[in-house]
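What the coordinates show
So the chains spell out like this:
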Amino acid sequence: MSAPDTSDESGWPLTHTERDWNQWQLFAVLLVTAAATWCYIIGEYVGYYLNLRMGIAAMTAGSMIGMLMVTLAVVPTATRYGIDSIAAARPQFGDRGWIITVFLQYASIIGWNCLLMIFFGRSVGQLLQAIGVIDPASVDWVLRIVTVLACVLVYLILMRGGTGLERVSQVLFVIIVGIGVWMVWLLLANQSEVIAAAKPAYASGSLRWDYVTGIEIGIVSLISWWPYIGAMVRKAPNAHSATLPAMLGMGLPVPLLSIVGLAAILALQVSDPSAWMITLGGSTFGVIALIFVIAANLGTTLAGVYATAVGLRQVPALARSRWNTLMLFSLVPVAFVSLVVPDLFFSNFGTFLAFIGVFFAPICAIQIVDYLILRRQRISIRAVFVGGPGTDYHYWGGFNPAAILAMAAGFFTYLYLLNPVTYASNSPYDFLTASLPTAVVAGVVYALVSVLVVKPAGKGGY
Amino acid sequence: MAREALHPELERQIAVLEKPENQGAGFGGIDWIWLIALGFVGPALLLIWGWS
């Protein structure tokens, strides 16, 4: 019965003496986590449908709505008991059903990390090609080698656990904010007329549909923070300390940085700054952009691997694994995908985003309804960590039917409103988005089944 | 998750956190104002601005 390596590397709750991050520390970590090159891809997708003004409005509004959902779902539980997103979902999903959330966390963070690592590898390859160091035929190999090296670097930094993450974030924060602001200014100052006159390449013909799609992209991009945020806000001593860092540190940077991708795709038809910065200012600018890409993606990948490792600690078979082993579970799939099928996530980014909305919108709603309304902000921390028959969160065979039915209802609601593969939609998508009705349906189903079935049966510890 | 005897350190941490005075406080009034401003009002104003 050996203990996990340290308190912040375990899936165990952090006591109040271990939750020592102040607002500034948490703000820096969350910002560094949020600010990654996926922002350019998000901005690029919005730029397919909307001009700059409408794109900024839709993307920012959607992002803040999505961040609100995640904050309400995770922050109160994580900061009261010092637990991560996965442990916080156990009261709703049951002491076996929570494995659903582990799988979703694992799949989504692996997906995002693949995207970031491949983006990073591509940027290095493009820059080296642009300055004449390598020929075009070598770009693919450079991508693969750089990606694997980046995975090794992440592994080495995170051997220090959450301490390594926090210290690196303090340095990356300055680089990301400084260069990010400069890039926005550079793009808008040099290309403002082109951007103003640019037409979205894939506008549907219905301005309302395009606008709502911009909002939807913002929402799903930010609810993808669900798996990440718990592992970090649990280091804050209370919900107050995490509220503004979450909303402003994790919510706002994504749409602000996405403006770079939005403006770049409208003006230059490419969102990767290490490509368009060379166009605007030559190889020196390209090197600066690459530094930004490295800093931004490194911080986010660190946070993703850290959150995944903490989440995997909850899996019984991995509960006693070494921290280094858990990190390998998080990093090896990324390295594998980057080596074998690097184009997979780039060519299917829209589907990946919709996948996030399909699953994480219901999860957020379930947690909000359960913790804030049905349980009145109290859970049994013992039952979170001690399962089995007769315990509060065992429900029926370890599964809570309210959560399963709510997830299913949310899943089919989303599929009806917006097809994740074709983006074909049904009314009222063009008024309400897909994620918001999905969350409402899931929340209502969860509440009804809980009140009518679960509570009367004496299950769930209500 | 452990169904057998808990690790002593985990048992200690749970015992500490079962006492309300050792738990982190939830959202306060000012937090709810920020959440509503940044998650409801702000987005609504932005959407109106973008559509106009």
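Note that this is a predicted model, so its numbers are computed, not measured.

1. Description of the overall build of chain A
The helix and strand tally for chain A stands at 20 helices and zero strands. Its C-alpha radius of gyration of 22 Å places chain A within 12% of the 23 Å reference for a compact globule of 462 residues. Its C-alpha atoms give chain A principal-axis dimensions of about 65 × 50 × 40 Å. In chain A, the proportion of contacts linking residues at least 24 apart, taken out of those at least 6 apart, comes to 85%. Carbon and sulfur atoms form 67% of the exposed surface of chain A, whose accessible area is close to 15,200 Å². With 22 positive and 19 negative side-chain charges, chain A shows a spacing of 12 Å between the two charge centroids.

2. A word on helix α14 (residues 323-340) of chain A
Residue and element names in this part refer to chain A. If you check α14, its first and last C-alpha atoms are 26 Å apart, about what 18 residues at 1.5 Å a residue would give, namely 26 Å. At Ser330, α14 shows its maximal kink, close to 30°; a proline, Pro333, follows between one and four residues later. Listed in full, the buried residues belonging to α14 are Trp323, Leu326, Met327, Ser330, Leu331, Val334, Ala335, Val337 and Ser338.

3. Let's talk about the interface of chain B and chain A
At the interface, 38 residues of chain B touch 57 residues of chain A. One can count two salt bridges joining chain B with chain A. Ionic pairing is found between Glu18(B) and Arg382(A), a salt bridge with its closest N-O pair at 2.9 Å. One can count 12 residue pairs in polar contact (both at pLDDT 80 or more) joining chain B with chain A. Listed by contribution, the elements that provide at least two residues to the side of chain B that touches chain A are α1 (8-17) and α2 (29-51) of chain B.

4. Quick word on the packing of helix α10 (residues 226-233) of chain A against helix α13 (residues 273-312) of chain A
Residue and element names in this part refer to chain A. The interhelical angle for the contact between α10 and α13, taken along N-to-C directions, is 85°, at an axis separation of 9 Å. It follows that α10 is roughly perpendicular to α13 by the angle criterion. Along its contact with α10, which presents Pro227, Tyr228, Ala231 and Met232, the element α13 presents Thr300, Ala303, Gly304, Tyr306 and Ala307. Across the contact of α10 with α13, the residue classes tally to seven nonpolar, two polar and no charged.

5. With respect to the side chain of Thr71(A)
Turning to its location among the elements, Thr71(A) is positioned in helix α3 (residues 52-81). Looking at Thr71(A), its side chain comes within polar contact range of the main-chain oxygen of Met67(A), at 2.7 Å. In contact with Thr71(A), not counting residues within four places along its chain, are Pro76(A), Ala246(A), Met247(A), Phe27(B) and Leu35(B).

About the cut-offs
- Residues numbered from 1 in each chain as written.
- Chains lettered and ligands numbered in written order.
- Predicted model: local features only at pLDDT ≥ 70, side-chain atom pairs only at ≥ 80, totals over all residues.
- Heavy atoms only, no water.
- Helix = DSSP H or I, 4+ residues; strand = E, 2+ residues; numbered from the N terminus.
- Rg over C-alpha atoms; globule rule 2.2 N^0.38 Å.
- Contact = heavy atoms within 4.5 Å.
- Areas by Shrake-Rupley, 256 points an atom, 1.4 Å probe, with all protein chains shown as cover.
- Lys, Arg positive; Asp, Glu negative; His and termini not counted.
- Charge placed at Lys NZ, Arg CZ, Asp CG, Glu CD.
- Expected span 1.5 Å × (residues − 1).
- Bend = angle between axes of the 7 residues up to and from the residue.
- Buried < 20%, exposed > 50% of the residue type's maximum accessible area, 1.4 Å probe, protein only.
- Salt bridge = Lys/Arg side-chain N within 4 Å of Asp/Glu carboxyl O.
- Polar contact = N/O pair within 3.5 Å; in protein donor to acceptor, adjacent residues only side chain to side chain.
- Axes fitted to C-alpha atoms, helices over the stretch in contact; angles between N-to-C directions.
- Parallel < 35°, antiparallel > 145°, perpendicular 65-115°, else oblique.
- Nonpolar A, V, L, I, M, F, W, Y, C, P; charged D, E, K, R; others polar.

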